[in-house]
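Structural description and commentary
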Amino acid sequence: MPAASPRPYEFRQVDVFTAVPLLGNPLAVVHGADDLDEDRMAAFARWTGLSETTFLLRPTVAGADYRLRIFTPSGELPFAGHPTLGSCHAWLQAGGRPRAADIVQECGVGLVRIRRDQGRLAFAAPPLRRSGPIDPATLAQAARGLGIAPQAIVAANWVDNGPAWIAVMLASRADVLALKPDFPALGTLKLGVVGPWDPATDGAEAQFEVRAFAPGLGIPEDPVTGSLNAGVAQWLIGAGLAPASYVASQGTARGRAGRLYISRADGDIWVGGDVADCVTGEVLL
């Protein structure tokens, strides 16, 4: 149902994991949304059509600087990475002042710490809700959905930190970029694919190429995905498949140039990236 009397809310649209607008993953952010009900939030998220739309609210937990609700076109998420960095950037741009050196975001998975790191924002990867091997039936479905032979998957793991991601590794960046997924075959899987860059042919700007597929959320391919990369980093670094610090590239297949800066420090995995402003103003909701 339309709101009886829509009112203006401060609004920003930002581009996350890029310093250059239009090359990352866009995010819509509504400020001061405490009096918006869930149905109205969900309706606006469907209307934007972006992979995520967020709503900044007053915190309800001691120690948090703000509370965040995150919606895809098909429902709410307890956590997502590019909305975390983009919303934190928007909160700071609107005059938000953290209580301590680290900014603390309250969301569905609890409290998430965010810090300024070499001019970028970076969030501490939340604990994985599920990790470990993927069952054979699910792995077979992933291979069918990706249109590859099962033996092309060189490693796989659950990397669920809220959106229920699973991740598979292929032999190379070229293999990742060559994928032409069968989205109906993927079904409700939320699937991340990672492959190493070859310095001789791909260069040294990044060390891994990532793609993310979530057709069940209304997001056939997400341009750049913080939550997936957070889980992938916990898996790869923990398993000795990646160094303690690396750069991931994502969005190439969609004409983007996302970059995620991964590092292990102080016992946490940190996922950092640039945020570019694109739209500021008001939205009537």
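Residue indices follow the written sequence of each chain, beginning from 1 at its first position. Reporting in this predicted model follows two pLDDT cut-offs: at least 70 for local features of residues, and 80 or more for side-chain atom pairs to be given and counted; totals over whole chains, interfaces and linings ignore these cut-offs and use all residues. Hydrogens and waters are ignored; side-chain quantities use all the structure's heavy atoms.

**Considerations on the state of the cysteines**
To keep things clear, this is the line we draw: Cysteine sulfurs are considered disulfide-paired once they come within 2.5 Å of each other.
The final tally for this structure, using the stated rule, is zero disulfides. With no disulfide of its own, C107 has C88 as its nearest cysteine by sulfur position, at a separation of 12 Å.

**With respect to the pairing of strand β16 (residues 258-265)**
Selection rule: If DSSP finds at least two bridges between two strands, the strands pair. Numbered from the N terminus, helices here are DSSP runs of H or I no shorter than four residues, and strands are runs of E no shorter than two.
Inspection of the sheet shows strand β15 (residues 245-250) paired to β16 by six bridges, in the antiparallel sense. In the sheet register, S245 faces β16, and the bridge partner there is S263. Bridge count between β16 and strand β17 (residues 268-273): five bridges; the pairing is antiparallel. Among the inter-strand pairings, A265 is bridged to a residue of β17, identified as D268. Count of turn residues in the β16/β17 antiparallel hairpin: two residues, of which D266 carries a positive phi of about 55°.

**Focus on the side chain of D160**
Rule in force here: Relative accessibility under 20% of the residue-type maximum defines a buried residue, over 50% an exposed one, and the middle range a partly exposed one, all with a 1.4 Å probe and only protein chains included. We count Lys and Arg on the positive side and Asp and Glu on the negative side, and we leave His and both chain ends out. The salt bridge definition used is simple: a Lys or Arg side-chain nitrogen within 4 Å of an Asp or Glu carboxyl oxygen. Note on contacts: a residue pair is in contact if any heavy atoms of the two residues lie within 4.5 Å.
For D160, the position within the fold is in strand β10 (residues 155-160). This buried residue, D160, is left without a salt bridge; R129 holds the nearest opposite charge, at 5.6 Å. In this structure, D160 is in contact with L128, R129, R130 and W165, ignoring residues within four places of it in sequence.

**Quick notes on the nonpolar core**
We apply this condition: By convention a nonpolar core is built from buried Ala, Val, Leu, Ile, Met, Phe, Trp, Tyr and Cys residues, the set being connected through side-chain atoms within 4.5 Å.
Ranked by size, the top nonpolar core spans 51 residues in total, and within it L236 and Y246 carry the most contacts. With seven residues, the single largest contributor to this core is helix α7 (residues 226-238). Setting aside residues no more than four positions away along its own chain, L236 makes contact with M169, V194, F208, L241, A242 and Y246.

**Focus: the packing of aromatic side chains**
For clarity, the cut-off: The aromatic pairing rule takes the rings of Phe, Tyr and Trp, using the six-membered ring of Trp, and pairs them if the centres are within 6.5 Å, calling planes under 30 degrees apart stacked, those over 60 edge-to-face and the rest tilted.
Taken as a whole and assessed by the stated rule, the structure comprises eight aromatic pairs. Here F44 and W47 contribute two aromatic rings whose centre-to-centre distance is 5.8 Å and whose plane-to-plane angle is 20°, an arrangement assigned as stacked. In this pair, F44 and W47 both sit in helix α1 (residues 38-48), three residues apart, roughly one turn of the helix. For F44, a relative accessible area of 5% translates into the label buried.

**Describing the pattern of salt bridges**
In the structure shown here, the tally under the stated rule is 15 salt bridges. Between D266 and R115 there is a salt bridge, with its nearest N and O atoms 3.5 Å apart. Here D266 is found in the loop between β16 and β17, whereas its partner R115 is found in strand β7 (residues 110-117), with 151 residues between them in sequence. Note on D266: relative accessible area 65%, which makes it exposed. Each of D102, R113, R115, D266 and D268 takes part in a single network of salt bridges with overlapping partners.

**Some thoughts on the environment of V109**
Within the secondary structure layout, V109 lies in the loop between β6 (103-107) and β7. The sequence separation of V109 and G162 amounts to 53 residues, and the corresponding C-alpha distance is 7.0 Å. When near neighbours in sequence (up to four residues on either side) are disregarded, V109 contacts P78, F79, P126, R129 and N161.

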